[in-house]
Amino acid sequence: MSNLQIDYDSVADLYDLYVTADYDISFFLQETANVNGPVLELTAGTGRLSVPLVRAGTQLTCVDSSRGMLDVLSRKLREHGLNADVRCADVCALELPASFQLALLPFQSFMEIVGEDRQRRALAAVFACLVPGGRFICTMHNPAVRRAQVDGALRIVGRFPVPDGTLVVSGFEQGGFPVVERLQFFEFFGSDGRLRAKRLLPMAFTFVEKADFESMARDTGFDVIELYGNYDRSSFDADRSPVMIWVLRKRDAEPSAVTDT
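Just so it is clear, the model here is predicted, and its values are computed rather than measured.

(A) Up close: helix α4 (residues 67-79). For α4, with 13 residues, the first-to-last C-alpha span of 18 Å sits near the 18 Å given by 1.5 Å per residue. Those residues of α4 that fall on the buried side of the exposure criterion are Gly68, Met69, Leu70, Val72, Leu73, Lys76 and Leu77. Those residues of α4 hidden inside the fold are in contact with α1 (15-18), α3 (50-55), β2 (60-64) and β3 (85-88).

(B) Region of the structure containing the environment of Ser235. Along the chain, the position of Ser235 falls in the loop between β10 (222-228) and β11 (243-250). Judged by its relative accessible area of 63%, Ser235 falls in the exposed class. As a C-alpha pair, Ser235 and Ile245 span 10 residues in sequence and 9.7 Å in three-dimensional space. For Ser235, the residues in contact, after removing those within four places along its chain, are Leu227, Gly229 and Ser241.

(C) Spotlight on helix α5 (residues 116-129). Between the first and last C-alpha of α5 there are 20 Å, a value that for 14 residues agrees with the 20 Å anticipated at 1.5 Å per step. Within α5, 11 of the 14 residues are buried, leaving the element largely enclosed by the surrounding structure.

(D) The arrangement of the sheet that holds strand β5 (residues 130-141) in detail. The sheet built from 7 strands is open, its strands ordered β3-β2-β1-β4-β5-β11-β10 with mixed pairing. Each of the sheet's edge strands pairs with one partner strand only, and the pair in question is β3 and β10. On average, each strand axis in the sheet is inclined to that of its neighbour by 20°, with strand direction left out of account. Note: strand β1 (residues 39-42) against β2, 4 bridges, orientation parallel. Bridging across to β2, Glu41 finds its partner in Cys62. Along the sheet face, helix α2 (residues 25-33) touches β1, β4 (100-105), β5, β10 and β11 and points at about 175° away from the line of β5. Packed onto the sheet, α4 meets β2 and β3 and runs at close to 170° relative to β3.

(E) Main features of the sheet that holds strand β9 (residues 195-206). Strand order in the open sheet made by the 4 strands is β6-β7-β8-β9, with antiparallel pairing throughout. In this open sheet, the two strands that pair with only one neighbour each are β6 (155-162) and β9. The average angle at which neighbouring strand axes cross in this sheet is 20°, direction not considered. Here strand β7 (residues 165-175) runs beside strand β8 (residues 179-190); their pairing, made up of 11 bridges, is antiparallel.

(F) Representation of the environment of Gly47 within the structure. Assignment of secondary structure puts Gly47 in the loop between β1 and α3. The class for Gly47 is buried, based on a relative accessible area of 4%. The contacts of Gly47, once residues within four sequence positions are left out, are Pro52 and Leu73.

(G) Representation of the pairing of β5. Burial analysis of β5 places 9 of its 12 residues in the buried class, which makes it a mostly covered element. Alignment of β4 against β5, held across 5 bridges, turns out to be parallel. Looking at the pairing, Leu104 lines up with Ile137 of β5. You can see the chain leave β4, run along α5 and come back into β5, and the turn it takes is right-handed.

(H) View of the side chain of Thr58. By the secondary structure assignment, Thr58 is in the loop between α3 and β2. Setting aside residues up to four positions removed in sequence, Thr58 forms contacts with Thr32, Val39 and Leu53.

(I) Summary view of the packing of aromatic side chains. This model, assessed by the stated rule, comprises 15 aromatic pairs. Arranged with centres 5.3 Å apart and planes meeting at 85°, the rings of Phe110 and Phe213 form a pair that is edge-to-face. Here the residue Phe110 occupies a position in the loop between β4 and α5, and Phe213 occupies one in helix α7 (residues 210-220), the gap between them amounting to 103 residues. Each member of the pair, Phe110 together with Phe213, is buried.

The rules behind the values
- Residues numbered from 1 in each chain as written.
- Predicted model: local features only at pLDDT ≥ 70, side-chain atom pairs only at ≥ 80, totals over all residues.
- Heavy atoms only, no water.
- Helix = DSSP H or I, 4+ residues; strand = E, 2+ residues; numbered from the N terminus.
- Expected span 1.5 Å × (residues − 1).
- Buried < 20%, exposed > 50% of the residue type's maximum accessible area, 1.4 Å probe, protein only.
- Contact = heavy atoms within 4.5 Å.
- Pairing = 2+ DSSP bridges.
- Axes fitted to C-alpha atoms, helices over the stretch in contact; angles between N-to-C directions.
- Right-handed = clockwise from strand over helix to strand, strands pointing away.
- Phe/Tyr/Trp six-rings, centres within 6.5 Å; stacked < 30°, edge-to-face > 60°.

So, in structure tokens, the structure goes:
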């Protein structure tokens, strides 16, 4: 496994405190509503999306490489009386049957698969899990828009209440051609305003250009069905759209051989 993988185990106990985004949930609920069969969610994490999907009746398999994050997800499922198949695995080395009607890779997480070789392996692994004609929805930032934030400036992600104090999350980013190196800081302040504890999470992700992803997807055996520029399903604008939401369909063919690059 790449040494650029992010150690989410180290922040699994904090993740739900500072990651509260829900802007994409209605989109994925709509995409899964008419799926008559199992759905695969990759990089499921602590269940930000998983829990709403399972609650809506989706037959879900949740995969993530962080055991700590999945432990939180499993606890949530138990607390809500919900059931899902939870598996700890690397998206680049899935060993699942070709039984899924739909695979999801939400929250721009494909960008955390650094290196073309690993990206191609991930696409091939997802392809192998889908039934013929199965769909794969993969989301990423639009490099043309997101790259403007990679300037070395320290930015506050947010301030979040915790027992007897506040968690302040901040970070800065460098690089971006194509790999971004990010340092994310977690600072715990007591009710008296004094710093009580601090954690650091090194992160890395890569900007994947539109033409490069489309080429890899087609080489793998996918057809591009849609490319949205936002979760309202607006068309992708290369200069303005914040994200690329790829909707791919598996052709009835084997993926191409993956070679080291």
